[in-house]
Amino acid sequence: RVNKEIYKRFMANKYLLGTADLIKKYNLVCRYEIIVDNPYETEEDQIETINLLLKIKRPFQLQLFSLVIYPGTEMHNMVLKDKLNIQNQLNKNYLRYKSTFFNKIIRLCPTLPKPFIKFLVKYRTSLSTRILLKIVYLPSILVLEQIVWFRLILMGFDYNIFKTVDMISSYLKEGFNEILFKKIS
């Protein structure tokens, strides 16, 4: 619904899943980008996104982006017309999405077992489910996401562990240099 009505994107989910199947068939590495924090998205829309992600064959990586509604766009005009309260969009960091129940579940779709994700969604109103999510969330992003990331890099180098380790060490070196130079300047 959101793709068609809000984003004006008319590609059916079956085409995305067909493309995902081809990616898996040819053992390609893939990262899907998901827009979250949409003021027009309902709980049912978020559950539909989760169910779609659960249909994608693993492994894959997700990148979540918080929706930024730029002034002068059709969506901005729609938000103004509907008098929705949104934060200053020009200062918003699209990488910092809200820490909501559904955003956390979406982020965990590539890492946790599918039946467990379905369980969390089904019993989302239960306090014990919300506590359970708090317990599993941090270890999942600190450990399981990294395992998925390593597996994807390994796949990208045709399961050559030496090339994979070399790539990871280069990536870490560049990351540390970027952090160091930002601190100095």
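Our subject is the structure that appears above.
Let us look at the structure shown here. (Residues numbered from 1 in each chain as written. Predicted model: local features only at pLDDT ≥ 70, side-chain atom pairs only at ≥ 80, totals over all residues. Heavy atoms only, no water.)

## Digging into the overall build of the protein chain
Turning to step 1, where the next piece is worked out: Looking only at helices and strands, one finds eight helices and two strands in the protein chain.
Turning to step 2, where the next piece is worked out: What you see in the protein chain, going N to C, is helices and strands ordered as α-α-β-α-β-α-α-α-α-α.
Turning to step 3, where the next piece is worked out: Burial statistics for the protein chain: of 185 residues in total, 36% are counted as buried.
Turning to step 4, where the next piece is worked out: Within the protein chain, contacts between residues separated by at least 24 positions form 74% of all contacts whose residues are at least 6 apart in sequence.
Turning to step 5, where the next piece is worked out: Accessible surface computed for the protein chain: about 12400 Å², of which carbon and sulfur atoms make up 60%. (Helix = DSSP H or I, 4+ residues; strand = E, 2+ residues; numbered from the N terminus. Buried < 20%, exposed > 50% of the residue type's maximum accessible area, 1.4 Å probe, protein only. Contact = heavy atoms within 4.5 Å. Areas by Shrake-Rupley, 256 points an atom, 1.4 Å probe, with all protein chains shown as cover.)

## Thoughts on a nonpolar patch on the surface
Turning to step 1, where the next piece is worked out: A contiguous nonpolar surface patch, about 440 Å² in accessible area, is contributed by Leu138, Leu142, Val143, Leu144 and Ile147.
Turning to step 2, where the next piece is worked out: Its place among the elements puts leucine 138 in helix 7 (residues 127–156). (Patch = residues over 30% accessible without salt bridge, like charges linked within 9 Å, V, L, I, M, F, W, Y side chains within 5 Å. Salt bridge = Lys/Arg side-chain N within 4 Å of Asp/Glu carboxyl O.)

## Some thoughts on the pattern of salt bridges
Turning to step 1, where the next piece is worked out: In this structure the tally under the stated criterion is four salt bridges.
Turning to step 2, where the next piece is worked out: A salt bridge links lysine 57 to aspartate 21; its shortest N-O distance comes to 3.0 Å. Pair noted here: lysine 57 is in the loop between helix 3 (43–55) and strand 2 (61–66) and aspartate 21 is in helix 2 (residues 13–25), with a separation of 36 residues, a long-range link.
Turning to step 3, where the next piece is worked out: Across the pair glutamate 43 and arginine 124 runs a salt bridge whose closest N-O atoms are separated by 2.8 Å. Remark: arginine 124 occurs in the loop between helix 6 (114–122) and helix 7 and glutamate 43 occurs in helix 3; sequence separation between them is 81 residues.

From the geometry alone we can't say anything about function, so treat these as descriptive.
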